[in-house]
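As a plain string of letters, each chain reads:
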Amino acid sequence: MFSRLLQIPRNFTTQSPTPTFLPLPNFPFHLKFFSHKFPSISHLSLSFYSHLPQASPSRNQQQKGEDEGEDEEEEAQARAAVSGILRESGVSEEESVEIASKSPKYVKMLVDGVRDLEEWNSWRKGDEEDVSFEEKMYCLAREKGDYGRLAFLESIGLSLSSALSVARYLSSESLPGLIEKVKFVKEMFFSSEDSEGFLGKNARRMMMLLSIPIDEDLQQILSFFEKIEARRGGLGMLCSKDASFGYLVESFPRLLLLSVESHLKPMMKFLEDVGVEGGSMRKVLLLYPPIIFYEIDKDIKPRLRAFKKIGAVEKDLGRMLVKYPWIISTSIQENYENILSFFDGEKVPKSSVDSAIKSWPHLLGCSTLKLKVMVEQLGEFDVRNKKLGQVIATSPQLLLQKPNEFLEVVSFLEELGFDRETVGRILCRCPEIFAANIEKTLKKKLEFLSSIGISDDHLPRVIRKYPEIFVSDINGTLLPRTKYLRRTGLSKRDIAFMIRRFSPLLGYSVEEVLRPKLEFLVQTMEKPLKEVVEYPRYFSYSLEKKIKPRFWVIKGRNVDCSLKDMLAKNDEEFAADFMDVGGMTTDPSPPTSHSHY
């Protein structure tokens with residue numbers, strides 16, 4: 001089609017001017033330039049050459065196989081050349097081979113460089129036959145003058161372009177010293193693996209909750225996080241030294257200039273002294289890498305001392321650093337003062353604010369404007385002043401909730417049959433509910449209650465008496481408690497009846513409450529299990545302070561009464577009913593055989 005539209009010349013010559021190049025380094029070869037004759041690609045029509053013989057597929061495949069074999073041989077020679085340069089720089093043979101094998105782009109750069117020179121017929125006349133391909137690459141690698149640093153930097157995860165940039169900072173570092181420093185820094189930052197990806201989740205949470213202007217250090221951190229987030233696995237790979245170390249050095253190239261003895265080791269010692277130990281150190285360093293450049297006495301200590309305003313001691317500071325390392329950034333320090341002033345204006349007790357910040361320092365990354373929106377939302381449920389203090393001391397993360405997410409939980413509870421006043425009481429008693437996920441947390445608890453025999457009609461009563469069930473772990477707490485009750489001989493129906501009457505039953509520990517009280521009921525009081533089915537509130541009374549003393553009084557009077565009659569009365573009523581009847585003829589203390597109770 002194109003051959004019909006365009007008149008294609010069959011023979012023509014283009015004369016290339018001889019280009020002028022800057023003199024090359026002292027290679028054992030030189031360049032020759034030549035005129036060339038070929039058709040311009042813009043005038044070619046492939047259909048015009050259809051009459052020419054075409055290579056057979058088998059010949060093409062054979063040629064391709066030969067080319068691949070030649071490529072592999074040249075790359076092997078290039079790796080050998082790189083390994084030789086590394087050994088000249090003082091690297092062991094084993095390490096030099098490993099580095100060369102992990103720097104494929106650097107190796108390819110050498111191969112391509114030598115090929116380009118050969119294509120231009122650049123080897124000195126008379127020397128071409130004597131200089132092997134490997135020797136040519138060795139000469140080219142030496143002339144680059146990086147002494148193997150580029151290959152090493154690529155081998156630890158940097159792209160070749162980043163390695164070129166970072167290498168400029170490291171010109172004064174010997175390669176063996178640099179290798180040892182990298183090993184130390186890797187151990188310092190990646191002391192343990194994070195199989196669950198908790199560190200990445202915290203990094204993402206810190207980014208999402210940040211709503212204040214940021215300083216240069218935080219900007220660098222966000223850029224570092226974004227680089228990792230963009231690769232496969234995202235921020236879940238933050239703790240992987242193979243995936244993250246290259247980005248760490250690329251984002252903070254001065255890291256490899258720090259002295260191990262005079263800076264890095266003292267930094268580790270300081271962090272340990274304030275309570276950041278073992279695997280926790282990587283949480284601080286990876287979530288806030290700029291800390292490694294700070295001076296301990298000049299930068300870090302003064303910023304940590306600022307938190308003494310909230311009563312934070314050294315152990316608190318260590319925990320806060322692990323949870324939210326950004327507390328020592330300039331931006332967070334400035335916002336810290338704003339937040340204290342904001343809550344003071346809202347007449348929230350200072351002790352509650354102090355507790356909230358110490359337990360959830362992420363608050364410090366939130367703007368006061370954003371906090372104000374949530375505080376006003378809570379005020380609509382009459383949660384103000386002291387009540388607000390109680391709520392944020394218990395569940396400070398609620399302040400970082402989006403108002404629409406908070407209102408979704410309110411609607412969820414209203415659909416269960418609770419009026420606004422009751423919702424407010426639940427909010428004050430268990431604010432964590434309002435920061436929970438409806439689908440993954442709240443509805444799952446309703447399904448659990450249904451599975452143990454609680455009907456929809458009884459749900460409001462069960463939840464009103466024990467709203468904490470919404471934030472209890474099903475597999476870790478709720479199921480083990482119901483299973484234990486089944487093992488004692490209680491039926492599923494009995495347990496459902498007990499929970500309907502007294503839902504806080506689900507909040508009692510098996511080992512600390514349920515087992516010892518049931519054993520005392522059956523073995524010492526010699527009462528049947530049906531007694532606790534009728535009166536499950538029995539488990540709410542102290543075994544040592546109430547159950548045992550009253551039982552010994554009643555036993556001493558040889559009186560038979562129900563658990564409710566024994567325990568539900570106040571002290572005056574109990575004394576009137578049981579301690580004055582017929583006079584006190586026996587000592588109410590337990591028999592000798594039971595003296596250990």
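Residues numbered from 1 in each chain as written. Predicted model: local features only at pLDDT ≥ 70, side-chain atom pairs only at ≥ 80, totals over all residues. Heavy atoms only, no water.

S.K.: Is there a simple way to think about the nonpolar core in this case?
M.R.: Most often, soluble globular proteins have nonpolar side chains that are buried together. Judged by nonpolar contacts, the single largest core of 179 residues is most densely connected at Trp326, Phe434, Tyr538 and Phe539. Contact partners of Tyr538, with chain neighbours within four places excluded, come to Lys517, Phe520, Leu521, Met525, Val532, Ile547, Leu563 and Leu567. (Core = buried A, V, L, I, M, F, W, Y, C linked by side-chain atoms within 4.5 Å. Buried < 20%, exposed > 50% of the residue type's maximum accessible area, 1.4 Å probe, protein only. Contact = heavy atoms within 4.5 Å.)

S.K.: It is not clear to me how the side chain of Ser155 should be interpreted in this structure. Could you clarify?
M.R.: Note that Ser155 resides in helix α6 (residues 149–155). Judged by relative accessible area, which is 18%, Ser155 ranks as buried. Of the polar contacts made by the side chain of Ser155, one reaches the backbone oxygen of Phe152; its length is 2.5 Å. Setting aside chain neighbours within four positions, we find Ser155 in contact with Ile99 and Lys102. (Helix = DSSP H or I, 4+ residues; strand = E, 2+ residues; numbered from the N terminus. Polar contact = N/O pair within 3.5 Å; in protein donor to acceptor, adjacent residues only side chain to side chain.)

S.K.: Whenever I open this one, the pattern of salt bridges confuses me. Can you help?
M.R.: Pairs can form between side chains of opposite charge once their charged atoms are near each other. Scanning all chains against the criterion turns up 28 salt bridges. One salt bridge connects Glu414 with Arg420, and the closest N-O pair in it is separated by 3.5 Å. A relative accessible area of 33% places Glu414 in the partly exposed class. Lys548 is paired through a salt bridge with Glu544; the nearest N and O atoms lie 2.9 Å apart. Separated by four residues within a single helix, Lys548 and Glu544 lie in helix α28 (residues 543–556), roughly one turn from each other. Shared partners join several salt bridges into a network, and the residues in it are Glu95, Glu180 and Lys183. (Salt bridge = Lys/Arg side-chain N within 4 Å of Asp/Glu carboxyl O.)

S.K.: Help me understand unusual backbone geometry in this model?
M.R.: Glycine aside, a negative phi is what most residues show, and trans is what most peptide bonds show. Although it is not a glycine, Glu526 adopts a positive phi angle of roughly 55°. Tracing the sequence through the fold places Glu526 in the loop between α26 (510–524) and α27 (530–534). The backbone of Asn558 sits at a positive phi, close to 55°, despite the residue not being glycine. Residue placement: Asn558 occurs in the loop between α28 and α29 (563–567). Taking relative accessible area as the criterion, Asn558 reaches 73% and is therefore assigned exposed.

S.K.: For this particular structure, what's the right way to read a positive patch on the surface?
M.R.: On the surface, Arg461, Arg464, Lys465 and Arg537 cluster together to form a positively charged patch. Here Arg537 is to be found in the loop between α27 and α28. (Patch = residues over 30% accessible without salt bridge, like charges linked within 9 Å, V, L, I, M, F, W, Y side chains within 5 Å. Areas by Shrake-Rupley, 256 points an atom, 1.4 Å probe, with all protein chains shown as cover. Lys, Arg positive; Asp, Glu negative; His and termini not counted. Charge placed at Lys NZ, Arg CZ, Asp CG, Glu CD.)

S.K.: Which parts of the structure should I look at to understand the packing of aromatic side chains?
M.R.: Think of a pair of aromatic rings as described by two things: how far the centres are apart, and how the planes are tilted against each other in angle. Applying the stated criterion across every chain, the model contains 18 aromatic pairs. Here Phe406 and Phe434 contribute two aromatic rings whose centre-to-centre distance is 5.5 Å and whose plane-to-plane angle is 35°, an arrangement assigned as tilted. In this pair, Phe406 sits in helix α20 (residues 403–415) while Phe434 sits in the loop between α21 (420–429) and α22 (438–451), placing the two residues 28 residues apart along the sequence. Taken individually, Phe406 and Phe434 each receive the classification buried, so the pair is uniform in this respect. Following the ring pairs from residue to residue traces out a cluster consisting of Phe224, Phe225, Phe252 and Phe293. Here the basic side chain of Arg254 rests over the ring of Phe293, its NZ or CZ set 4.4 Å away from the ring centre. For Arg550, the ring lying beneath its charged end belongs to Phe574, and the centroid distance is 4.4 Å. (Phe/Tyr/Trp six-rings, centres within 6.5 Å; stacked < 30°, edge-to-face > 60°. Lys NZ or Arg CZ within 6 Å of the ring centre and 35° of its normal.)

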